[in-house]
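As a plain string of letters, each chain reads:
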Amino acid sequence: MWKYYALLSAFFAALTAIFAKIGVKDINSDLATAIRTSVILLLTWGIAAAGNHLSEAKDIPSHTWLFLILSGMATGLSWLFYFKALQVGDVSRVAPIDKLSVPITLCLAFLFLKEPASPRVIIGALLITAGSIVMLAK
């Protein structure tokens with residue numbers, strides 16, 4: 001089931017790039033990011049409320065809170081820089097650089113989470129990196 005969620009994530013990430021490029025055309029990219037984040041805030045809290053998960057927040061350990069907050073900060077910074085890049089660059093050039101997050105994530109997962117570095121995963125990361133470089137060349 002996780003593969004379907006990952007594919008849906010990729011599809012909506014692609015839509016995000018297209019919609020964001022159009023959306024940042026006439027306004028400051030920081031303001032555009034704030035608007036986008038507000039929509040996400042309402043959507044995700046609404047989903048959590050609809051699923052009756054709000055009461056679970058009191059049971060979240062402090063260690064988990066810390067890493068969720070750090071993840072949120074990293075996401076926010078990623079979005080701010082992504083929107084700035086989209087505002088001044090072409091989606092077809094910004095998106096490949098953004099997708100370098102995949103091999104970077106794999107390296108961090110190997111180092112910090114001790115996930116296995118199989119030859120297939122390493123080759124895949126190298127192919128993603130090579131693909132991004134090829135797409136950036138003018």
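Data block above holds the structure.
The paragraphs below set out a description of the structure included in this document.

### Let's talk about the side chain of Arg36
Part 1 of the reasoning: Examined against the element boundaries, Arg36 turns out to sit in helix H2 (residues 29–50).
Part 2 of the reasoning: Buried and unpaired, Arg36 has no salt bridge, with Asp98 as the nearest side chain of opposite charge at 8.5 Å.
Part 3 of the reasoning: The residues touching Arg36, leaving out its near neighbours within four places in the chain, are Thr16, Trp79 and Phe83.

### Observations concerning the packing of aromatic side chains
Part 1 of the reasoning: Within the structure shown, the criterion is met by one aromatic pair.
Part 2 of the reasoning: Ring geometry for Phe11 and Phe12: centres 5.3 Å apart, planes at 75°, overall edge-to-face.
Part 3 of the reasoning: With relative accessibility at 46%, the residue Phe11 sits in the partly exposed group.
Part 4 of the reasoning: Note on Phe12: relative accessible area 48%, which makes it partly exposed.
Part 5 of the reasoning: Note that Arg36 overlies the ring of Trp79, its terminal NZ or CZ placed 4.4 Å from the centroid.

### A closer look at the pattern of salt bridges
Part 1 of the reasoning: Counted by the stated rule, this structure contains three salt bridges.
Part 2 of the reasoning: One salt bridge in this structure joins Lys84 and Asp30, with 3.3 Å as the shortest N-O distance. You can see Lys84 sitting in helix H3 (residues 62–88) and its partner Asp30 sitting in helix H2, a full 54 residues away along the chain.
Part 3 of the reasoning: Of the residues examined, Lys84 reaches a relative accessible area of 36% and is grouped as partly exposed.
Part 4 of the reasoning: Residue classification places Asp30 among the partly exposed residues on the basis of a relative accessible area of 34%.
Part 5 of the reasoning: With a shortest N-O distance of 3.1 Å, Lys99 and Asp98 are connected by a salt bridge.
Part 6 of the reasoning: Judged by relative accessible area, Lys99 falls into the partly exposed class, the value being 36%.

Scoring rules and cut-offs
- Residues numbered from 1 in each chain as written.
- Predicted model: local features only at pLDDT ≥ 70, side-chain atom pairs only at ≥ 80, totals over all residues.
- Heavy atoms only, no water.
- Helix = DSSP H or I, 4+ residues; strand = E, 2+ residues; numbered from the N terminus.
- Buried < 20%, exposed > 50% of the residue type's maximum accessible area, 1.4 Å probe, protein only.
- Lys, Arg positive; Asp, Glu negative; His and termini not counted.
- Salt bridge = Lys/Arg side-chain N within 4 Å of Asp/Glu carboxyl O.
- Contact = heavy atoms within 4.5 Å.
- Phe/Tyr/Trp six-rings, centres within 6.5 Å; stacked < 30°, edge-to-face > 60°.
- Lys NZ or Arg CZ within 6 Å of the ring centre and 35° of its normal.

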